[in-house]
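Residue strings, one per chain:
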Amino acid sequence: MTYINTATAARRVARAGLTAAAVLLLAAAAPAPTGPSTGDHLFLTVTKGDGRSGDTRGTLLLCDPPQGHGRAAEACAQLAAAGGDIASLPAAAGVYCTMLYAPVTAQASGEWNGRPVEYRQTFSNGCVMAARTGAVFALES
C-alpha cells in the first residue's frame, strides 16, 4: 500500500508547474463533477497588474453541462463557435474602451474536443480583454 503525505503531494504539484494558489482556486471554485470528465473543460485565470503577482481570480469551466463559471452557458457557446480556440473568438462589435493602461493577463489551460488548450494573453485593460474574449474570462460575475 502506498501512502502519500501532504509535502510529497505539494512537491508533485510544484513539479507539474502549478502554483499552490492555482490548486487552491481550483479546489475551492470548481464543483465536483458527478462522473468521469471527458468533456470540454478549461481552468481560467485573470491576473490584474503587469507583474507575475497580483490579484488573481480563477475557475474551472466545464461545458458538458455548462458549470463552474458565472456565465458558463454563454462562455461554452462562444468557445464552441470558435472551435475552442480562444484567440479566434470574434471581437465584440460596438465596444469602445478607454486608453487607460491597467493590464490584465488572461490564461486558460485544459482540453477542448480532445485537444489540449493553452492560452495566455496580456491586455491593456479589462475592457479590451472583455471585448476580445467575450464571456470566457468574465470571472467577476
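Scroll up a little and you will see the structure.
Residues numbered from 1 in each chain as written. Predicted model: local features only at pLDDT ≥ 70, side-chain atom pairs only at ≥ 80, totals over all residues. Heavy atoms only, no water.

A. Structural context of the state of the cysteines. Scanning the model with the defined rule gives two disulfides in all. Paired by a disulfide, C63 and C76 hold their sulfur atoms 1.9 Å apart. Between C63 and C76 the sulfur-sulfur dihedral comes to about -85°; the bridge is accordingly left-handed. One end of the pair, C63, is in strand 2 (residues 56-63); the other, C76, is in helix 3 (residues 72-81), with 13 residues separating them in the sequence. For the residue pair C63 and C76, the accessibility class agrees, reading buried in each case. The disulfide bridge from C97 ends at C127, spanning 2.0 Å between sulfur atoms. Negative torsions about the S-S bond denote left-handed disulfides, and the value of about -75° found for C97 with C127 makes this one left-handed. Here C97 is found in the loop between helix 3 and strand 4 (104-112), whereas its partner C127 is found in helix 4 (residues 126-133), with 30 residues between them in sequence. (Disulfide = S-S within 2.5 Å. Helix = DSSP H or I, 4+ residues; strand = E, 2+ residues; numbered from the N terminus. Buried < 20%, exposed > 50% of the residue type's maximum accessible area, 1.4 Å probe, protein only.)

B. Spatial organisation of the pairing of strand 2. Counted residue by residue, strand 2 has six buried out of eight residues, so it is predominantly covered. Pairing between strand 1 (residues 41-48) and strand 2: seven bridges, direction antiparallel. The residue bridging F43 from the neighbouring strand is L60, located in strand 2. Relative to strand 3 (residues 66-67), strand 2 is paired through two bridges, and the arrangement is antiparallel. Residue pairing across strands places L62 opposite Q67, the latter belonging to strand 3. Counting the residues in the hairpin turn of strand 2 and strand 3 gives two residues. (Pairing = 2+ DSSP bridges.)

C. Inspection of the pattern of salt bridges at higher detail. This model, assessed by the stated rule, comprises two salt bridges. Notably, a salt bridge pairs D55 with R57, separated by 3.9 Å at the nearest N-O pair. Looking at D55, the relative accessible area reads 37%, which means it is partly exposed. A salt bridge links E74 to R71; the shortest N-O distance between them is 2.9 Å. Taking relative accessible area as the criterion, E74 reaches 37% and is therefore assigned partly exposed. (Salt bridge = Lys/Arg side-chain N within 4 Å of Asp/Glu carboxyl O.)

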